Amino acid sequence: MSDVAIVLRPATAEDCRRVYEWANDPVTRRASFHSAEITWAEHSMWFEASLANPRRQLFIGEADGEPCALLRLDHGPDQCAEIGINLAPGQRGRRLGTPLLRAASQLAESSQVRRLVAHIKPDNPASLRTFVSAGYQPAGEATVAGCPALRYELEVTSHV
């Protein structure tokens, strides 16, 4: 397990280019439910809309003061939020995924989210291991963007 502390900060417009570069990494594209390369125009529109969407939160994870990941929370009904993460290509192999997910669960707890839901491609063993390591439990199957997905959930509990 990584002993690196992850700090989450709200994403800003200044993060758009960095997140675009991370998103178009070939490994990231293969793990995504939308695997085609993303154009700058598409990404810019998505990023701007995401920052303005009151039901979506984007965060940049930082390890040792360096940006290492994008974290997305899409808030739904019943105090539930769908989570998505994208590790920076240069940060892979540092075992930052589990600490990132743990930081996300602390953030969720403070924002009244009670359940985090992740959809993961079945052929993405690294993500599956990371989510299981962070305490997520299998919760069935789904279809996301026409692709089969495994659903994992984490019940967020208050430590107060």
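Thresholds, definitions, all that
- Residues numbered from 1 in each chain as written.
- Predicted model: local features only at pLDDT ≥ 70, side-chain atom pairs only at ≥ 80, totals over all residues.
- Heavy atoms only, no water.
- Helix = DSSP H or I, 4+ residues; strand = E, 2+ residues; numbered from the N terminus.
- Buried < 20%, exposed > 50% of the residue type's maximum accessible area, 1.4 Å probe, protein only.
- Pairing = 2+ DSSP bridges.

Participant: I'd like to hear about the environment of Thr130, residue by residue, with values.
Facilitator: Relative to the assigned elements, Thr130 resides in helix α5 (residues 125–133). In sequence terms Thr130 and Leu101 are 29 residues apart; their C-alpha atoms lie 8.3 Å from each other.

Participant: Could you give an account of the pairing of strand β3 (residues 66–75), with specific residues and numbers?
Facilitator: Within β3, nine of the 10 residues are buried, which leaves it mostly tucked inside the rest of the structure. Summarising the sheet, strand β2 (residues 56–63) and β3 pair through eight bridges and their orientation is antiparallel. Counted as the bridge partner of Phe59 is Leu71 from β3. Between the end of β2 and the start of β3, which pair antiparallel, lie two residues, with Asp64 showing a positive phi angle near 55 degrees. In terms of strand pairing, β3 meets strand β4 (residues 80–87) through seven bridges, oriented antiparallel. Note that in β4 the partner of Leu73 across the bridge is Ile83. Here β3 folds back onto β4 in antiparallel fashion, the turn holding four residues, of which Asp78 has a positive phi close to 60 degrees.

Worth remembering: the numbers are spatial, not functional.
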